[in-house]
Amino acid sequence: MARGVGPRQPARSGRQEGVRTTVKSAGFLAKGGRPKAVVPTRFSPTPAGRKARQRYDPLAPERIQEILKRLDQLYPNATCALHHKSAWELVVATILSAQSTDVNVNRVTPELFRKYPTVEAFAAITPEQLQPDIYSTGFFRNKAKSVVGAAKKVVSDFGGQVPNDMDKLLTLPGVARKTANVVLGTWFGKAEGVVVDTHVTRIARRLELTKNSDAAKIEQDLMQAIPRDKWILFSHQIIWHGRKLCIARRPKCADCPLENLCHAADKTWTTVELHKNAKL
Ligand code: SF4
């Protein structure tokens, strides 16, 4: 792609607030192949527009329904990308995925689960023994401690079976609400909460589904905003959206089906007014 001919983006001048950016979709190269300047035009709402702005509620049920509908169309079969064949394998994979990528974890786990095929096998080793096997996922000392500690607890307190209960899962070393929600939703099909990872945090804020930055508070906000029967699928869909389109830097807004519902301040392309607080 020629330099400067990337997805269009609002001016960097900070004038986005209260500004509608208008760019002709075709012919955005000036003579000589230079990109034409993006021309922001002052957004001056009519009285009706001003009223609509005052009435705007990012959590309005019809807006939420529309977001969910478009996510269903975009990611109808979204599910957890971590490879696993049991609840225990999913616990391990989710612990390993912290500060790492699912692709990275999926590279490590096949050999790991061949070497230690059961929760009892993990419970019988020391964290130091496990460290070399999970080294490439990062933070390997802490993760080894968590995995071995969780295995010992599952064996000693739960008869070798991963519990399908939030409170019990939270007693396992290294398991916080995110991991517990992944295991409960993906393996047991139980909607006890919403998975909040880095993708969900970013997109929930961009879509104004929360104003919070703390994972526990974001989860509470999403549990209020999203119908419970959608909690599991919504988490997976948003995580996929965060990987494919709504990436942290330079989100692909021109390709995003949620574009006209999204007022994120850091959009790279917009047909709607931007809201300065709608960002990470
Ligand atoms: S329009 Fe852009 S910022 Fe908004 S959800 Fe889509 S990709 Fe993310």
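See the structure shown above.
Fair warning: this is a prediction, and the values are worked out from it, not measured in the lab.

Caption draft 1: Helix α9 (residues 177–187), seen in detail. T179, A180, N181, V182, V183, L184 and G185 are the residues of α9 that are buried. Phi turns positive one or two residues past the end of α9, at G189, with a value near 65°.

Caption draft 2: Structural view of the nonpolar core. In this structure, W88, L112, F122, L130, L222 and F234 are the most contacted members of the largest nonpolar core, which totals 69 residues. For this core, the element with the most residues is helix α3 (residues 87–96), which contributes eight residues. In contact with L222, not counting residues within four places along its chain, are V194, V196, V200, A204, L209, W231 and F234.

Caption draft 3: Just the site of the ligand, in detail. In the region of the ligand, the neighbouring residues are R206, H241, L245, C246, P251, C253, C256, E259, C262 and K267. Of the residues belonging to the shell around the ligand, the class tally is six nonpolar, one polar and three charged.

Caption draft 4: The packing of aromatic side chains, seen in detail. Going through the model one piece at a time under the given rule, you end up with four aromatic pairs. When the ring of W88 is compared with that of F122, the centres are 5.6 Å apart and the planes differ by 65°; the resulting orientation is edge-to-face. With a gap of 34 residues between them, W88 in helix α3 and F122 in helix α5 (residues 119–123) connect regions that are remote in the sequence. Classification of W88 by relative accessible area gives buried; the value is 7%.

Caption draft 5: View of the side chain of T94. Structurally, the position occupied by T94 is in helix α3. A polar atom in the side chain of T94 sits 2.6 Å from the backbone oxygen of L90. Aside from chain neighbours lying at most four places away, what touches T94 is L82, K178, T179 and V182.

Criteria and thresholds
Residues numbered from 1 in each chain as written. Predicted model: local features only at pLDDT ≥ 70, side-chain atom pairs only at ≥ 80, totals over all residues. Heavy atoms only, no water. Buried < 20%, exposed > 50% of the residue type's maximum accessible area, 1.4 Å probe, protein only. Helix = DSSP H or I, 4+ residues; strand = E, 2+ residues; numbered from the N terminus. Core = buried A, V, L, I, M, F, W, Y, C linked by side-chain atoms within 4.5 Å. Contact = heavy atoms within 4.5 Å. Near = heavy atom within 4 Å. Nonpolar A, V, L, I, M, F, W, Y, C, P; charged D, E, K, R; others polar. Phe/Tyr/Trp six-rings, centres within 6.5 Å; stacked < 30°, edge-to-face > 60°. Polar contact = N/O pair within 3.5 Å; in protein donor to acceptor, adjacent residues only side chain to side chain.

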